Amino acid sequence: VMGNGALGLGFSTLPKIVQKAIAVRQLQEGNSAGGDVLDVPPWLLGYPRAVCVQDLVDVVKAPAVRDIETMVAAKPEISYMASRGYLQYQCFKETLSEYNPLAVRAVFDAISSSDTVDPTVAQELLDLWQEEGVEASFKGKLVFTKAKGYAALIALIGILALVIDLIWE
């Protein structure tokens, strides 16, 4: 039965990945400071439009991101990982709801290639970007984490295709 084992887990992951991609593409415009945009094509990131640099700066310098542990503790545990103290995108998004939704997504994407991240890792990166500015290392980190996510997806599809091929033989 496909519902058991690694094959079922692999197949159950694909709809979640597609749902996430659709949700990102449907992000509302939201409030934007406008101005210069991040020098990365939005299609490469899977975004519906370019991200304004000032919107990223606003998210990174938001008072709420100065203490990620408090952010995590203040939100309900929406998953097993959240109950273990990990920062979830949903928590990040809800806490920063007054900021541009695409910029909030981009900042989280630069922190993690999934929707979950160790709060210590998140805090270190946010502190770095607060001190050095998002222009310093943000773009490279965002492209790297997105590439890591794409590579994981390609590997998953390749493994599933291999397993299916072995089953059919």
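Data block above holds the structure.
Residues numbered from 1 in each chain as written. Predicted model: local features only at pLDDT ≥ 70, side-chain atom pairs only at ≥ 80, totals over all residues. Heavy atoms only, no water.

A. Representation of the packing of helix H3 (residues 53-60) against helix H7 (residues 101-111) within the structure. In contact at an axis separation of 9 Å, H3 and H7 are set at 70 degrees when each is read in the N-to-C sense. Considering the angle they form, H3 stands roughly perpendicular to H7. Between H3 and H7 lies a crossing whose hand is right-handed. Only Ala103, Val104, Ala106 and Val107 of H7 make contact with H3, whose side of the interface consists of Asp55, Leu56, Val59 and Val60. In terms of residue class, the contact of H3 with H7 is made up of seven nonpolar, no polar and one charged. (Axes fitted to C-alpha atoms, helices over the stretch in contact; angles between N-to-C directions. Helix = DSSP H or I, 4+ residues; strand = E, 2+ residues; numbered from the N terminus. Parallel < 35°, antiparallel > 145°, perpendicular 65-115°, else oblique. Left-handed = near helix turned anticlockwise from the far one by under 90°. Contact = heavy atoms within 4.5 Å. Nonpolar A, V, L, I, M, F, W, Y, C, P; charged D, E, K, R; others polar.)

B. Representation of the pattern of salt bridges within the structure. A complete count under the given rule lists four salt bridges for this structure. A salt bridge links aspartate 115 to arginine 105; its shortest N-O distance comes to 2.8 Å. Taken together, the residues span a long stretch of sequence, with aspartate 115 in the loop between H7 and strand S2 (116-117) and arginine 105 in helix H7 at a distance of 10 residues. Lysine 146 is the partner of aspartate 109 in a salt bridge, and the nearest nitrogen-oxygen pair spans 3.5 Å. Linking aspartate 109 in helix H7 with lysine 146 in helix H9 (residues 134-168), this pair joins segments that are 37 residues apart in sequence. (Salt bridge = Lys/Arg side-chain N within 4 Å of Asp/Glu carboxyl O.)

C. Structural context of H3. For H3, the tally of buried residues reaches six of eight residues, placing the bulk of the element in the interior. Every buried residue of H3 is listed here: Val53, Asp55, Leu56, Val57, Val59 and Val60. Each element contacted by the buried residues of H3 is listed here: helix H6 (89-95), H7, helix H8 (119-132) and H9. (Buried < 20%, exposed > 50% of the residue type's maximum accessible area, 1.4 Å probe, protein only.)

D. Summary view of a nonpolar patch on the surface. On the surface, Trp43, Leu44 and Val143 cluster together into a nonpolar patch covering about 310 Å² of accessible area. One can find tryptophan 43 in helix H2 (residues 42-45). (Patch = residues over 30% accessible without salt bridge, like charges linked within 9 Å, V, L, I, M, F, W, Y side chains within 5 Å. Areas by Shrake-Rupley, 256 points an atom, 1.4 Å probe, with all protein chains shown as cover.)

E. Structural view of the nonpolar core. Residues Leu56, Leu87, Phe92, Val107, Leu126, Trp129 and Phe138 are the most contacted members of the largest nonpolar core, which totals 38 residues. The set of elements that each furnish at least two residues to this core consists of H3, helix H4 (68-74), H6, H7, H8 and H9. Residues in contact with phenylalanine 92, not counting those within four places in the same chain, are Val59, Val65, Met71, Leu87, Val104, Val107, Phe108 and Leu126. (Core = buried A, V, L, I, M, F, W, Y, C linked by side-chain atoms within 4.5 Å.)

F. Summary view of the environment of threonine 13. Mapped onto the elements, threonine 13 comes out in helix H1 (residues 5-25). Residues threonine 13 and leucine 156, spaced 143 residues apart in sequence, show a C-alpha to C-alpha distance of 9.1 Å.

G. Quick look at the packing of H8 against H9. Packing of H8 against H9 brings their axes to within 8 Å, and their N-to-C directions diverge by 140 degrees. If you check the angle between H8 and H9, you find them oblique. Contacts between H8 and H9 involve Leu125, Leu128, Trp129 and Glu132 from the first element and Val134, Ala136, Ser137, Phe138 and Lys141 from the second. Its residues assigned to classes, the contact of H8 with H9 shows six nonpolar, one polar and two charged.

H. Fine view of the side chain of lysine 146. Lysine 146 gets classed as buried once you look at its relative accessible area, which sits at 16%. Setting aside residues up to four positions removed in sequence, lysine 146 forms contacts with Leu45, Tyr47 and Asp109.

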